[in-house]
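What follows is each chain in one-letter form.
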Amino acid sequence: MKTNDASTIQHPSLREGLGGPSGGLIIEIDNGSGFCFGVTTAIKKAEEELAKGSVLYCLGDIVHNGMECERLKQMGLITINHDEMARLHNVKVLLRAHGEPPETYELARRNNIEIIDATCPVVLKLQKRIKEQYETPNSSPKGEAGRGLVIFGKKGHAEVLGLVGQTQGTAIVIESYDEVKKLDFTRDIYLYSQTTKSLDEFHRIIEYIQQHISPSATFKSFDTICRSVANRMPNISQFAARHDLILFVCGRKSSNGKVLYNECRRVNPNTHLVEGPDEIDPSWLQGVDSIGICGATSTPKWLMEQCRDAIQHI
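Report on the accompanying structure.

Criteria and cut-off values
- Going along each chain's sequence as written, the residues are numbered from 1 onward.
- In view of the model being predicted, local features appear only for residues whose pLDDT reaches at least 70, and side-chain atom pairs are presented and counted only at 80 or more, with totals across whole chains, interfaces and linings using the full set of residues.
- Note: side-chain values were computed over all heavy atoms of the structure, leaving out hydrogens and water.
- Within 6.5 Å between ring centres, the rings of Phe, Tyr and Trp (the latter by its six-membered ring) count as paired, and their orientation is classed by plane angle as stacked under 30 degrees, edge-to-face over 60, tilted in between.
- The helix count covers DSSP runs of H or I at least four residues long, the strand count covers runs of E at least two residues long, and both are numbered beginning at the N terminus.
- Burial classes follow relative accessibility: with a 1.4 Å probe on protein chains only, a residue under 20% of its type's maximum area counts as buried, one over 50% as exposed, and anything between as partly exposed.
- When the NZ atom of lysine or the CZ atom of arginine is within 6 Å of a ring's centre and also within 35 degrees of its normal, the charge is said to sit over that ring.
- Counted as a polar contact is a pair of N or O atoms within 3.5 Å, where, for protein atoms, one must be capable of donating a hydrogen and the other of accepting one, and residues adjacent in sequence contribute only when both atoms are in side chains.
- Contact between two residues is taken to exist if any of their heavy atoms lie within 4.5 Å; hydrogens are not considered.
- Basic side-chain nitrogens of Lys or Arg form a salt bridge, by our definition, when they fall within 4 Å of a carboxyl oxygen of Asp or Glu.
- Following DSSP output, two strands are said to pair if at least two bridges run between them.
- With its strands directed away from the observer, a crossover is right-handed exactly when the path from the first strand over the helix to the second travels clockwise.

1. A few points about the packing of aromatic side chains
According to the stated counting rule, one finds five aromatic pairs in the structure shown. Where tyrosine 177 meets tyrosine 208, the ring centres are 5.9 Å apart and the plane angle is 85°; that geometry is what we call edge-to-face. A residue pair is termed long-range when its members are at least 10 positions apart, and tyrosine 177 in the loop between strand S8 (172-174) and strand S9 (189-193) and tyrosine 208 in helix H8 (residues 199-212) qualify at 31 residues. A single burial state applies to tyrosine 177 and to tyrosine 208, both of which are buried. Judged by centre distance (5.9 Å) and plane angle (55°), the ring pair of phenylalanine 248 and tyrosine 261 falls under tilted. Here phenylalanine 248, found in strand S11 (residues 245-249), pairs with tyrosine 261, found in helix H11 (residues 255-267); they are 13 residues apart in sequence, far enough to count as distant. Classification of phenylalanine 248 by relative accessible area gives buried; the value is 0%. Here a set of aromatic residues connected by ring pairs shows up, and it is made of Tyr177, Phe185 and Tyr208. The residue whose ring lies beneath arginine 204 is tyrosine 177, and the NZ or CZ to ring-centre distance is 3.9 Å.

In structure tokens form, the structure reads like this:
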């Protein structure tokens, strides 16, 4: 078993009743799991502001992980929604990695709110590209700007709201391959993707549009999926395949978490999603020799370590 790319602990004391006859139970934490760059930066900025003694608000959950949000809440971070922000003046508000539409920045300007902008650079670049596409006249007879902009993403997701906001709400959002059939193939289509969506599904959508687009219409696709997330798919597949049991640690709101969890389940049906150590069922551990613990880009390493420690105490 390879151990150079993950945190592996072997427990001979757990051999009887849990492990097989060949040795003790092996618990491995996937080193490829855990916060992505964007989430790490957002949390670091929050911690730095709170360390100064500042009153700091965060627009929406800083990360789709309840336990990490609770940790920062204990440090003083106050999570608010857009309606609550509209009533604030002369304060500091942190924008999380997902990004925000232009209206949020305008609101901050009007209310003299200092923005601590932690929008992920990958998301910022995507927002800029969509805004430029929206403002560029297309090939239709009227040369209408912004027509035919399609975003492959989760409806209502914070990042997607920020992307649609670059088009004054005109972009069409499709959540899955099944929804691509609803598009108007007689018109130009400019396809983008939320940064954390499945690369394979995105390519399937592209193929379908290519097969059905009208000869008189233009179709262009732009691969805007974050590679730090997309590259986790093959890595987590290999990780899931080499263990008897997989614990996927993830908040149930996490978009990329659902994608990665489903991939683990595809490779290893003995995969269970838990938000924290309290959700681990001792019966899952019976008869297994090795347990892999992994998670989403919104899963903190300390939480995966807590799950490992909980197994040791069962």
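That shown, we press on.
2. Side note on the side chain of glutamate 179
Following the sequence through the fold, glutamate 179 ends up in the loop between S8 and S9. With relative accessibility at 15%, the residue glutamate 179 sits in the buried group. In terms of polar contacts, glutamate 179 uses its side chain to reach the backbone amide nitrogen of glutamate 175, at 3.1 Å. Glutamate 179 has contacts with Lys155, Val173 and Ile174, leaving out every residue within four places of it along the chain.

3. Quick look at the environment of arginine 242
Considering the arrangement of structural elements, one finds arginine 242 in the loop between helix H10 (232-241) and S11. Assessed through its relative accessible area of 27%, arginine 242 is described here as partly exposed. Between the C-alpha atom of arginine 242 and that of isoleucine 291, which follows or precedes it by 49 residues, the distance is 9.1 Å.

4. Some points on the pattern of salt bridges
Side chains carrying opposite charge are able to pair once their charged atoms draw close together. The tally for this structure, following the rule as stated, stands at 14 salt bridges. Where glutamate 68 meets arginine 71, a salt bridge forms, and the shortest distance between an N and an O atom there is 2.8 Å. Linking glutamate 68 with arginine 71, this pair stays in helix H3 (residues 66-75), spanning three residues, or about one helical turn. On the basis of relative accessibility, which here comes to 29%, the residue arginine 71 falls in the partly exposed class. The shortest N-O distance in the salt bridge between glutamate 179 and lysine 155 comes to 3.3 Å. Of the two residues, glutamate 179 sits in the loop between S8 and S9 while lysine 155 sits in the loop between strand S7 (149-152) and helix H7 (158-165), which places them 24 residues apart along the sequence. A cluster of three or more residues bridged by salt bridges with shared partners is formed by Glu47, Glu68 and Arg71.

5. As for the pairing of S7
What you see with S7 is no split at all: Leu149 and Ile151 on one side and Val150 and Phe152 on the other are buried throughout. Examined bridge by bridge, S7 and S9 share four bridges and lie parallel to one another. In the strand pairing of S9, phenylalanine 152 is matched with serine 193. Pairing of S7 with S8 involves three bridges; the strand directions are parallel. Each residue of the ladder has a partner; that of valine 150, found in S8, is isoleucine 172. Each parallel crossover has a hand, and the one from S7 via H7 to S8 is right-handed.

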